[in-house]
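# Coordinate inspection notes
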Amino acid sequence: MSEKIVIVGGAIMGSFAAWFLRRQGFAGDITVVEKDLTYRFCSTALSAAAIRTQFGTPVNIHMSLFSVDFFRRIKQVFGPAADIGYVENGYLILGGPDTVADSRAGAAMQRGEGADVIALTPDEIAHRFPYISTEGVGIGTFGATGEGWFDAWSLLSLVRGAARDLGVRYLSGEVTGFDVAGDRIRTVRLADGHGLPCDWCVMAAGAASGALMAKLDQPLPVSPRKRSVFSFRAPLKAANFPMLFDSSGIWIRAEGEGFIGGIQPPADSDPDATGDFEPHHALMQEVFWPALATRIPAMEELRLDRAWAGHYEVNALDHNGVVGRHDEITNLVLSTGFSGHGVMHAPAAGRGVAETILHGGFVSLDLTPLGYHRIRLGTPLPESIVY
Ligand SMILES: Cc1cc2nc3c(=O)[nH]c(=O)nc-3n(C[C@H](O)[C@H](O)[C@H](O)COP(=O)(O)OP(=O)(O)OC[C@H]3O[C@@H](n4cnc5c(N)ncnc54)[C@H](O)[C@@H]3O)c2cc1C
């Protein structure tokens, strides 16, 4: 009898796990269970799909570096027609005068880990990006290469299509529970009453992962938090426009003929957003736009085209992903909780899931720091650069 793997959730995390399992030689059955095969509300489809190497946690930098290489080689991997619209214009992260020493130290650490991050003075920022006001800016850190953005939907379509071509089955269904015997999940239960027997189960249900782990009586502080994205035009053309993170909390990048941007809501008005996909228009009018126009005066005249809201799968312990084997349920492997940086880290996470199942542990990149142990022990691996 061939081994059976059931993957819960068929967006970017689930699909990369399935594809890497096949690429690394798993010949048994892989069933990806997805409750909405239109992917309308999944985080992947609603993401800003940017990639950065500017992180405070070395393992995140290494996951990004793997993706950068993967994205640059996308045609080699998926064939000559593969195109994810990968643009490497860099992240420019602005800080006030009080953050200069910390930002310089952060950039030095990132360079030490292999990232191409440089620190820019206000004059250097004004020279490179003359449309940005440097009022109140003390420093900018900038990914000279290896940072930018891409099209998440195209990436999902490519990896999902490639997984299917390798015999991975995508099943329409909602996982509602699990039959556990001893220290193993025996069957994954679906809402229609069917059960899928499994030798391994992979938890890749994004923002719903915490609620599903609760059905196993296991803690996982991952829940949906709403993030709005505003798509707009403005009288500004700049070929080198970066992914800009301002010290005010706003972010903005170029998208097609215009721009997209957003800002996190204040922590005290960021509740569990289950079922809520209504863009936060007041945040746009009252906070985002004024802050944007202060930083980039040409944005005073922006024209909003559309807006949408998606869910960050926030890991409340430390805003970092949870990847690897569960400590008590020995055939359960997690790949979730990336808190807003999961599209960029999905290739490395998927490869790590495949290595865990096929080789008994991480082989290429050690993802142990992202393990479930920190959930069990309540020992965070805090990520200092969170948006
Ligand atoms: C506005 C916004 C901007 C973002 N910007 C970035 C960015 O710039 N860069 C970046 O890297 N990341 C970004 N992210 C985060 C990124 O989108 C997520 O980290 C990533 O998509 C998570 O992938 P996932 O596969 O775990 O989750 P999802 O894409 O949400 O997929 C989970 C899937 O599981 C399915 N599912 C859930 N429950 C069940 C069930 N019970 N049974 C069956 N199926 C189920 C869902 O239908 C869904 O398709 C952003 C997110 C948002 C919302």
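Quick caveat: nothing in here was measured; it's all calculated off a predicted structure. Per chain, residue numbering runs from 1 following the sequence as it is written. Reporting in this predicted model follows two pLDDT cut-offs: at least 70 for local features of residues, and 80 or more for side-chain atom pairs to be given and counted; totals over whole chains, interfaces and linings ignore these cut-offs and use all residues. By convention in this description, side-chain values take in all heavy atoms of the structure and omit both hydrogens and water.

Once that is clear, we can look at the pattern of salt bridges. Here, a salt bridge means any side-chain nitrogen of Lys or Arg that lies within 4 Å of a carboxyl oxygen of Asp or Glu. With the rule as written, the count across this model stands at 13 salt bridges. For R253, the salt bridge is made with E255, and the minimal N-O distance between the two is 2.7 Å. Think of it in three bands: residues with accessible area under 20% of the maximum for their type are buried, residues over 50% are exposed, and the middle band is partly exposed, with areas taken using a 1.4 Å probe on protein chains only. The buried category is assigned to R253, whose relative accessible area is 2%. Take E255: its relative accessible area is 39%, and that puts it in the partly exposed class. The residue R376 makes a salt bridge to D327 at a minimum N-O spacing of 2.7 Å. A residue pair is termed long-range when its members are at least 10 positions apart, and R376 in helix α11 (residues 373-377) and D327 in the loop between β18 (322-325) and β19 (332-336) qualify at 49 residues. The partly exposed category is assigned to D327, whose relative accessible area is 38%. It is possible to trace a salt-bridge network through shared partners that takes in R233, R303 and D305. Labels follow the DSSP assignment, with helices taken as runs of H or I lasting at least four residues and strands as runs of E lasting at least two, numbered in each case from the N terminus.

Side chains on a regular strand alternate between the two faces of the sheet. Of the strand pairs in this sheet, β18 and β19 are connected by four bridges, and their pairing is antiparallel. Paired with V322 across the two strands is T336, which belongs to β19. Two strands are counted as paired when DSSP detects at least two bridges linking them. Between β18 and the antiparallel strand that follows it, β19, lie six residues.

One less than the number of residues in a helix, times 1.5 Å, gives the span that helix is expected to have. Taking 1.5 Å per residue, 18 residues should reach 26 Å; helix α10 (residues 342-359) reaches 24 Å between its end C-alpha atoms and fits that length. The largest bend in α10 amounts to roughly 35° and is located at A348. α10 sits mainly inside the fold: 16 of its 18 residues count as buried. Of the residues flanking the end of α10, it is G360, one or two places downstream, whose phi is positive at about 80°. What we call the bend at a residue is the angle made by axes fitted to the seven residues finishing there and the seven residues starting there.

Turning to the packing of helix α1 (residues 12-23) against α10, a few remarks are in order. The relative placement of two packed helices comes down to the angle between their axes together with the axis-to-axis distance. To get an axis, fit a line to the C-alpha atoms, keeping to the stretch in contact for a helix; angles then go from 0 to 180 degrees between the N-to-C directions. Across the interface, α1 lies against α10 with an axial gap of 7 Å and an inter-helix angle of 40°. Relative to α10, the element α1 lies oblique. Here α1 runs over α10; the crossing is right-handed. Taking contact as the criterion, the partners of I12, M13, F16, A17, F20 and L21 in α1 are, on α10, G342, V343, H345, A346, P347, A349, G350, R351, V353, A354, I357 and L358. To sort the angles, those under 35 degrees are grouped as roughly parallel, those over 145 as roughly antiparallel, those from 65 to 115 as roughly perpendicular, and the leftovers as oblique. Two helices crossing with the near one rotated counterclockwise from the far one by less than a right angle form a left-handed crossing, whereas a clockwise rotation gives a right-handed crossing. Residues count as neighbours in contact if any of their non-hydrogen atoms are within 4.5 Å of one another.

A few words on the packing of α1 against helix α7 (residues 152-165). With their axes 9 Å apart at the nearest point, α1 and α7 run at an angle of 35° to one another. Two packed elements cross with a definite hand, and for α1 against α7 that hand is left-handed. Of the residues in α7, those touching α1 at I12, S15, F16, A18 and W19 are L155, L156, V159, R160, A162 and A163. Considering only residue class, the contact of α1 with α7 consists of nine nonpolar, one polar and one charged. The residue classification treats Ala, Val, Leu, Ile, Met, Phe, Trp, Tyr, Cys and Pro as nonpolar and Asp, Glu, Lys and Arg as charged. All others, Gly included, are polar.

This paragraph deals with the site of the ligand. When at least one non-hydrogen atom of a residue lies within 4 Å of a molecule or strand, that residue is treated as near it. Among the 35 residues in the neighbourhood of the ligand, the closest are listed as E34, T44, A50, E313 and M344. Contacts to the ligand include A49, whose backbone N or O atom sits 3.3 Å from an oxygen atom. V175 is positioned with one of its backbone polar atoms (N or O) 2.9 Å from a nitrogen atom of the ligand. Considered on its own, the ligand offers 990 Å² of accessible surface; in the complex 95% of this is hidden by protein. Residue assignment for the shell around the ligand shows that the elements contributing at least two residues are α1, β2 (29-34), α2 (43-46), β13 (222-233), β17 (303-315) and α10. For the shell around the ligand, the element with the most residues is β17, which contributes four residues. Here the residues of the shell around the ligand sort into 19 nonpolar, 11 polar and five charged. Two domains share the shell around the ligand, each providing at least three of its residues, namely domain 1 (4-49 + 152-221 + 317-377) and domain 2 (87-148 + 224-312). Side-chain atoms alone can form a polar contact between residues adjacent in sequence; in general such a contact is a pair of N or O atoms within 3.5 Å, and within protein one must be able to donate a hydrogen while the other accepts it. The protein chains shown are the only cover counted for residues, whose accessible areas, like all others here, come from Shrake-Rupley with a 1.4 Å probe. Throughout the structure description, domain borders are defined by an automatic or database domain assignment.

One can read the domain layout of the protein chain as domain 1 (4-49 + 152-221 + 317-377) and domain 2 (87-148 + 224-312). Taking the mean C-alpha position of each, domain 1 and domain 2 sit 30 Å from one another. Contacts between the two partners involve eight residues from domain 1, matched on the other side by 12 residues from domain 2. Per-residue buried area on domain 1 facing domain 2 is highest for L46, A48 and A207; these three make up 54% of the total on that side. Joining domain 1 to domain 2, the criterion identifies zero salt bridges. Applying the counting criterion to the domain 1 and domain 2 interface returns three residue pairs in polar contact (both at pLDDT 80 or more). Of the residues assigned to the side of domain 1 that touches domain 2, the class counts are five nonpolar, three polar and no charged. Put simply, buried area is how much 1.4 Å-probe accessible surface two parts lose in total, over both of them, once they are put together.

A separate point is the environment of G143. Along the chain, G143 falls in strand β6 (residues 139-143). Aside from chain neighbours lying at most four places away, what touches G143 is Q54, G90, Y91, D116 and V117.

This part takes up the nonpolar core. One broad trend across soluble globular proteins is that nonpolar side chains are buried collectively. Within the largest apolar cluster, 103 residues are counted, with the highest numbers of intra-cluster contacts made by I7, W19, F70, F78 and M299. Inspection of this core shows a minimum of three residues originating in each of domain 1 (4-49 + 152-221 + 317-377) and domain 2 (87-148 + 224-312). Apart from the residues lying within four places of it in its own chain, the contact partners of W19 are F70, V77, F78, V159, A162, A163 and L166. In these notes, a set of buried Ala, Val, Leu, Ile, Met, Phe, Trp, Tyr and Cys residues joined through side-chain atoms within 4.5 Å is what counts as a nonpolar core. By size, the runner-up hydrophobic cluster in this structure holds 23 residues, among which are L196, M213, L220 and V322.

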